[in-house]
Amino acid sequence: MQNWNIFKRALTQSFMNAWEYRTDFYSSIIVQLAYMATIFVTVYTIFQFVPFLNGWSIGEILIFAFLTDVSSSLFFSSGYKNLIEYVTSGELNLLLIKPVNTIFLLGAYSIGIIDLLFSIFGIVAVFIVAIYYSLNITALSAILATIQVIISIPIFAIPLIMIMCLAFYWGDVNNLYGLYQSINFSFKDYPVTIMGKFVITIFAFLSPAVLVSWVIPTMILLNKLSWQWSLFFIGSTILLDIILFILLKRFFYRALRRYEGFG
Amino acid sequence: MLMVMWMQKSLKINYFLKQLNRDWENLKAYPTRLVTSAGWFFFGFIPLFFVWYFVATNTGAFPYSLKEILLYFAFTWGLFYSINYMRGHFNSITNGDIVTKVIRPISLTTNYLYIFYSGILVPKISNLLIVIIIGLVFLGPSSLLGSLFFIIGLIIGCLVYVAVLFLMFWFGRNWGFKYVLDMLISISAGQLFPLDLLPGIIQTVIVFLPFKLMFYYPAKIFLGQMLISWTLILEYVVWVIVLYFVCRVLEYFGLRRYEQLGG
């Protein structure tokens, strides 16, 4: 209950901030629309020459690109993205002295309402594309895909947070963080499944998110997977989430012992 | 000799050399930045490779051969740069930092041109070498010319960014405006795909803009699809002069309304 209250307060605070700097708020909306337009132009340019991209139509690729945007925006709306800065600058001290679970507080602290708004934009774009291209989406597939999008965020986020935790040992690890992020982001606009089994195996091992968080939700939404397989993936994702949460908790508190509180 | 003396006097080349030296020392202090830069290149190129491999091998109407399109993306993706690289400088107007530049015995335009040029070129050295080697192996000497024109085109790119920076005298901390421009420049410069693949109406507009000189023309020269002519060199020279003039006008009027106060 205490955590819920903190989350609500952080959300309200973020909204007030966004509303105070309205020009930034409106312009960020324009940026997101321009970004979506860029995705559309890119995909449209490719599909001028081919009707399908290794089994994916133009509408399906657009759905994929916008849905991955929903997942990543949800992660970037959390405060975790600033962990390296908190550790290297000593700003983490402020969070450590509060009588709340630090891992939770890190996520709620400096939550970004604008990124949350971007994820809503992504959902709207998915609907528009689905209607325009008359894609095979059912109520069941939409529900299952929504569940998969939400539960697969930790698969994308926890490895990134664990890399950021290395800042407790090595200081500024922005380069390493950027390198790992480049793996995820390289497969954000095109599904890894169009690239052959070898690439899928390598990159699903390096970053399971490119498969579990990016491709599987879209395949569930587009009914490219049966509901039995969809439930199997949802169950496996939950199991993986639990394992990753345990690993994160252990690693975070172990790494915290190295924290000097000064930067 | 007179030309060199004029450049030394009016453009203060020694400032540029100092800036280059500073960025080089910075790079030596943090060599992992080169690894990150190469990592983005490598991981980002993989999906592009598969997507364009599929497009080039599955249609007869595609204007590029498989080798050409892959080398085009090796060039543009390897040497990719955007306003984002210089984001630290874009708040210098609103937070008042720009006053430390105004007091230098060099125009703001030239000062920022040097900062941007050196700040982009030095960390790109590893990628530039990779691109040149790939080009020499697969294409021959045209790769050297293409890389040379990329370095010349970088002047145009940096002058465009300086102009956008000076627009912040009017737009303040409006990062949305800056990112929308960045996306438009990315498309118009041919960073995302060759401009001749774009729908006809977009091509008609882009042809009159200077951005094509940043990536598209150097990439075409790199591929050996464009010959160096006096007209081409003149086009580069004219745009450098025009953009420099535009920057100086923006600098003049921007400083006139500047309050030198911020936080």
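Look up: the structure comes first, before these words.
These numbers were taken from a predicted model, which means no experiment stands behind them. (Residues numbered from 1 in each chain as written. Chains lettered and ligands numbered in written order. Predicted model: local features only at pLDDT ≥ 70, side-chain atom pairs only at ≥ 80, totals over all residues. Heavy atoms only, no water.)

Colleague: Outline the overall build of chain A, listing residues and values.
Modeller: Helix and strand content of chain A: 13 helices and zero strands. From first element to last, N terminus to C terminus, chain A shows the α and β order α-α-α-α-α-α-α-α-α-α-α-α-α. Taken along the three principal axes of its C-alpha coordinates, chain A extends 55 × 45 × 35 Å. Burial analysis of chain A (263 residues in total) assigns 54% to the buried set. Counting contacts in chain A only where the partners sit at least 6 residues apart, residues at least 24 apart contribute 79% of the total. Accessible area for chain A stands at about 12,700 Å²; split by element, carbon and sulfur atoms hold 69% of it. (Helix = DSSP H or I, 4+ residues; strand = E, 2+ residues; numbered from the N terminus. Buried < 20%, exposed > 50% of the residue type's maximum accessible area, 1.4 Å probe, protein only. Contact = heavy atoms within 4.5 Å. Areas by Shrake-Rupley, 256 points an atom, 1.4 Å probe, with all protein chains shown as cover.)

Colleague: With reference to specific residues and values, describe the nonpolar core.
Modeller: Core analysis: the biggest nonpolar cluster contains 168 residues, and Leu53(A), Phe75(A), Trp52(B) and Phe116(B) have the highest contact counts within it. Leaving out residues up to four positions away in the same chain, Trp52(B) has contacts with Ile46(A), Phe62(B), Leu66(B), Ile69(B), Phe73(B), Phe193(B) and Leu197(B). Membership of the second largest hydrophobic core comes to five residues, among which are Val31(A), Tyr179(B), Val180(B) and Met183(B). (Core = buried A, V, L, I, M, F, W, Y, C linked by side-chain atoms within 4.5 Å.)

Colleague: Talk me through the interface of chain B and chain A; I want residue IDs and the actual numbers.
Modeller: On the side of chain A, 34 residues touch chain B, which itself brings 34 residues to the contact. Between chain B and chain A the total buried area reaches about 2,900 Å² when both faces are included, carbon and sulfur atoms providing 79% of it. There are zero salt bridges connecting chain B and chain A. With 15 residues, helix α3 (residues 32-57) of chain B is the largest single contributor of residues to the side of chain B that touches chain A. Split into classes, the residues belonging to the side of chain B that touches chain A amount to 24 nonpolar, eight polar and two charged. (Buried area = accessible area lost by both parts, 1.4 Å probe. Salt bridge = Lys/Arg side-chain N within 4 Å of Asp/Glu carboxyl O. Nonpolar A, V, L, I, M, F, W, Y, C, P; charged D, E, K, R; others polar.)

Colleague: Please provide a residue-by-residue account of the side chain of Ser82(B), values included.
Modeller: Relative to the helices and strands, Ser82(B) is located in the loop between α4 (66-78) and α5 (99-102). With residues up to four places along the chain from it excluded, the contact list for Ser82(B) reads Tyr161(B) and Asp182(B).

Colleague: Break down unusual backbone geometry for me, citing the residues and quoting the values.
Modeller: Residue and element names in this part refer to chain A. Phi angles above zero are rare outside glycine, and Asn54 is one such case at about 50°. Here Asn54 shows up in the loop between α2 (22-47) and α3 (58-76). One non-glycine residue, Ser134, lies in positive phi territory at about 45°.

Colleague: Describe helix α11 (residues 216-223) of chain B, naming the residues involved and giving the relevant values.
Modeller: Residues and elements named next belong to chain B. For α11, the buried fraction is high: eight of the eight residues fall into the buried class. Within the sequence span of α11, burial applies to Tyr216, Tyr217, Pro218, Ala219, Lys220, Ile221, Phe222 and Leu223. Looking at the buried residues of α11, the elements they touch are α4, α7 (125-138), α8 (142-171) and α12 (230-256). Within two residues after α11, Gly224 carries a phi angle of roughly 80°, on the positive side.

Colleague: Any details on the pattern of salt bridges? Residues and values, ideally.
Modeller: Throughout the structure, instances matching the rule amount to six salt bridges over all chains. Across the salt bridge formed by Lys224(A) and Glu60(A), the nearest N and O atoms sit 3.4 Å from each other. Here Lys224(A) is found in the loop between α12 (209-221) and α13 (227-256), whereas its partner Glu60(A) is found in helix α3, with 164 residues between them in sequence. Taking relative accessible area as the criterion, Lys224(A) reaches 30% and is therefore assigned partly exposed. Glu60(A) sits in the buried class, given a relative accessible area of 14%. Between Lys220(B) and Asp196(B) there is a salt bridge, with the nearest N and O atoms lying 3.2 Å from each other. Taken together, the residues span a long stretch of sequence, with Lys220(B) in helix α11 and Asp196(B) in the loop between α9 (175-188) and α10 (200-206) at a distance of 24 residues.

Colleague: Report on the packing of aromatic side chains, specifying residues and quantitative values.
Modeller: Across all of its chains, the model carries 47 aromatic pairs over all chains by this definition. Look at Tyr132(A) and Tyr133(A): their rings are 4.9 Å apart centre to centre, the planes differ by 85°, and that puts the pair in the edge-to-face class. Ring pairs connect the aromatic residues Phe49(A), Trp52(B), Phe62(B), Tyr64(B), Tyr72(B) and Phe73(B), which therefore count as one cluster. It is Lys224(A) that lies over the ring of Trp56(A); its NZ or CZ is 4.6 Å from the centre. (Phe/Tyr/Trp six-rings, centres within 6.5 Å; stacked < 30°, edge-to-face > 60°. Lys NZ or Arg CZ within 6 Å of the ring centre and 35° of its normal.)

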